[in-house]
Amino acid sequence: MGLSGMVRRGDRCMRRRFLGSAGVLAGPVLLLAACSISTTNAALPESTALREDTGAKTTTSFARMVDIGHGRMMYLECHGNGSPTVVLVPGLVAAADTWRYVTTGPGGDRKPSSSAVYPAVGRFTRVCSYDRPGTVRENGKFTTSSTVAQPTTARGDAADLHALLKAAKVPGPYVLAGWSAGGPIVRIYAGEYPHEVSGLVLVDAESEFLQSRLTPQQFGTFLALIRNDDKKRIAQWKDVERQNPAVVFGQVRAAPPVPKIPVVVLTGDEFDPDAFRARLPAHAPADFPQVFWRAQRASQRDLAQQFPGAQHITKTRSDHNIQNNRPQLVTDAVREVVEKARRRPGGTPSS
């Protein structure tokens, strides 16, 4: 997550945001130091509580566990109609329901909303999202997806997503939208399965160019920050999702190239250096937050340049959590890619 995460507390506790890291730009950093949380779906309003249908019947909308083989199950939810199917890939630790929530105030509180990305995209095409192993839902409940050894890798996550979509018979082609640590997953997926992907939306996605924009010593400081975050999450959830950004970046570099498909890159443009500094190890240079932020912005430009013709949206008025803070911006980007994909001959990627 590298940029922004959140501290999740119980319903009676104040929620605050800070710039977090655990896979560079992965999903939320989840810390529950002072307050307990509910671990049941009752913590969500009845209309938005996750309903897990374990039956085999697939209707227009469903939320169920899917057998992906090798004794493993993964949670998947889909709704809406149309092609291409949009698959929303959350950031590190974040579960499928992150795409259902919007930020409601300066304190970072979130609530489910019909204007969130998941329901909004479902009004113009088929949309799905899922829980990777070790992720945590907005109410603090640990995912029901089967646990696996941690840390995981982006390449392994791409293979899991492929197995999940095939096992659930989710029709392609797919427009993949990856937030944070979901970015490398969707890029590797597009390279590994080029004939299945007709577009990408990268939402403040992790970029391997962050490493090259930092000196080895600076990158080491960043890795130390990630290890600190990991320890805090493991104290709350033993099997919580973790990744090593150096491994992820290496896998992205080694992956087959993304085919010629429509791409939109959205980049967060807000940063809280004080919140970031609070998470740094004691030996970190005083100016490291500023060093990191310059490298992050440059790495996003580098990322966008990897896709000729890609649209790069840099004025987002958001921190890392663009899908929650500016859901309409993400929905519009997805719609644009979907419409471009529909106009392509056969709706398939170019070789």
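Only a predicted model underlies this, so the values are computations on that prediction, with no experimental measurement involved. Each chain carries its own residue numbering, running from 1 in the written order of its sequence. Reporting of local features is limited, given that this is a predicted model, to residues whose pLDDT is at least 70; pairs of side-chain atoms are given and counted only at 80 or more, and all residues count toward the totals for whole chains, interfaces and linings. Each side-chain value is derived from all of the structure's non-hydrogen atoms; neither hydrogens nor water enter the calculation.

Enquirer: Could you clarify how one ought to interpret the confidence of the model for the protein chain in this entry?
Expert: The predicted coordinates of low-pLDDT regions are not to be read in fine detail. Per-residue pLDDT for the protein chain has a mean of 86; in total, 81% of the residues score no lower than 70. The model gives residues 1-59 a pLDDT under 50, and that stretch makes 199 contacts with residues more than four places away or in other chains. The pLDDT value expresses, per residue, how confident the predictor is, ranging between 0 and 100. Note on contacts: a residue pair is in contact if any heavy atoms of the two residues lie within 4.5 Å.

Enquirer: Help me understand the pairing of strand E9 (residues 174-179) in this model?
Expert: The side chains of a regular strand alternate, residue by residue, between the two faces of the sheet. Whether a residue is buried, partly exposed or exposed follows from its accessible area with a 1.4 Å probe, protein chains only, as a fraction of its type maximum: under 20%, in between, or over 50%, in that order. Per the convention used, a helix needs a DSSP run of H or I reaching at least four residues, while a strand needs a run of E reaching at least two, with both numbered from the N terminus. Most of E9 is tucked away, with 6 of its 6 residues classed as buried. With burial as the criterion, each face of E9 is covered, one bearing Tyr174, Leu176 and Gly178 and the other bearing Val175, Ala177 and Trp179. For two strands to pair, DSSP has to find at least two bridges joining them. Alignment of strand E5 (residues 85-89) against E9, held across 5 bridges, turns out to be parallel. Residue Val89 lies in a different strand from E9, and its bridge partner there is Gly178. Two strands pair when backbone bridges link them, and E9 and strand E10 (residues 197-203) are joined in this way by 6 bridges, in the parallel orientation. Bridging across to E10, Tyr174 finds its partner in Val197. A clockwise course of the path from the first strand over the helix to the second, judged with the strands pointing away from the viewer, identifies a crossover as right-handed. Between the parallel elements E9 and E10, the chain passes through helix H3 (residues 182-192) in a crossover that is right-handed.

Enquirer: Sorry if this is basic, but what is going on with the packing of helix H2 (residues 154-167) against H3 here?
Expert: Between two packed helices, what matters for the description is the angle formed by their axes and the separation of those axes. Lines fitted to C-alpha atoms define the axes here, with helix axes fitted over just the stretch in contact, and angles between the N-to-C directions of these axes take values from 0 to 180 degrees. Direction vectors running N to C along H2 and H3 enclose 65°, while the axes themselves pass 8 Å from each other. When the axes of H2 and H3 are compared, the pair comes out roughly perpendicular. Note that H2 runs across H3; the crossing there is right-handed. Contacts between H2 and H3 involve Ala154, Arg155, Asp157, Ala158, Leu161, His162 and Leu165 from the former and Pro184, Ile185, Ile188, Tyr189 and Glu192 from the latter. Amino acid classes used here: Ala, Val, Leu, Ile, Met, Phe, Trp, Tyr, Cys and Pro are nonpolar; Asp, Glu, Lys and Arg are charged; the rest, including Gly, are polar. When the residues that make up the contact of H2 with H3 are grouped by side-chain class, the tally is 8 nonpolar, 1 polar and 3 charged. Angle categories are assigned with fixed cut-offs, so that under 35 degrees is roughly parallel, over 145 is roughly antiparallel, 65 to 115 is roughly perpendicular, and the rest are oblique. Handedness of a helix crossing follows the sense of rotation of the near helix relative to the far helix, less than a right angle counterclockwise being left-handed and clockwise being right-handed.

Enquirer: Looking at this model, I keep getting lost on the nonpolar core. Mind explaining?
Expert: The tendency in soluble globular proteins is for nonpolar side chains to be buried side by side. Membership of the largest hydrophobic core comes to 55 residues, with the highest contact counts inside it found for Leu76, Tyr130, Val170, Leu176, Tyr189 and Leu200. Counting residues per element, this core draws most heavily on helix H8 (residues 288-304), at 7 residues. Ignoring anything within four residues of it in the chain, the contact list for Val170 reads Leu76, Cys78, Thr85, Cys128 and Leu165. The criterion is simple. A nonpolar core is a set of buried Ala, Val, Leu, Ile, Met, Phe, Trp, Tyr and Cys residues joined through side-chain atoms within 4.5 Å. Among the nonpolar cores identified, the runner-up in size contains 25 residues, and Trp179, Leu266, Val337 and Val338 belong to it.

Enquirer: Got a minute to help me understand the state of the cysteines in this structure?
Expert: Note on terminology: disulfide describes a covalent bond linking the sulfur atoms of two cysteines. For the purposes of this analysis, a disulfide is any pair of cysteine sulfur atoms at a distance within 2.5 Å. A complete count under the given rule lists 1 disulfide for this structure. Shown here is the disulfide that connects Cys78 with Cys128, its sulfur atoms set 2.1 Å apart. Taking the sign of the S-S torsion, 110° for the link of Cys78 and Cys128, the bridge is right-handed. Taken together, the positions of Cys78 in strand E4 (residues 72-79) and Cys128 in strand E8 (residues 127-131) put the pair 50 residues apart, joining distant regions of the chain.

Enquirer: Can you help me understand the packing of aromatic side chains in this one?
Expert: To describe a pair of aromatic rings, you give the distance between the ring centres and the angle between the ring planes. Stacked, tilted and edge-to-face pairs are distinguished by plane angle, under 30 degrees for stacked and over 60 for edge-to-face with tilted covering the rest, among Phe, Tyr and Trp rings (Trp via its six-membered ring) whose centres lie within 6.5 Å. Scanning all chains against the criterion turns up 11 aromatic pairs. Seen in terms of ring centroids, Phe276 and Phe288 are 6.2 Å apart; in terms of plane orientation they differ by 20°. Their pairing is stacked. Placement of Phe276 in helix H7 (residues 273-277) and of Phe288 in helix H8 is noted, with a sequence separation of 12 residues between them. Phe276 sits in the buried class, given a relative accessible area of 0%. We classify Phe288 as buried; its relative accessible area is 1%. With centroids separated by 4.7 Å and ring planes inclined at 20°, the aromatic side chains of Phe276 and Phe292 adopt a geometry described as stacked. Remark: Phe292 occurs in helix H8 and Phe276 occurs in helix H7; sequence separation between them is 16 residues. The same class applies to Phe276 as to Phe292, namely buried. Aromatic ring contacts, followed pair by pair, group Phe219, Phe222, Phe249, Phe271, Phe276, Phe288, Phe292 and Trp293 into a single cluster.

Enquirer: Sorry, what's going on with the pattern of salt bridges here?
Expert: Pairing of side chains with opposite charge becomes possible as their charged atoms draw close. Basic side-chain nitrogens of Lys or Arg form a salt bridge, by our definition, when they fall within 4 Å of a carboxyl oxygen of Asp or Glu. Under the defined criterion, the tally for this structure stands at 15 salt bridges. Residue Asp302 is joined to Arg213 by a salt bridge in which the shortest nitrogen-to-oxygen separation is 2.8 Å. Of this pair, Asp302 sits in helix H8 while Arg213 sits in helix H4 (residues 209-213); the two residues are 89 residues apart in sequence, bridging distant segments of the chain. The exposure class of Arg213 is partly exposed, given its relative accessible area of 44%. Bridged by salt links that share partners, the residues Arg132, Asp157 and Glu241 form one connected network.

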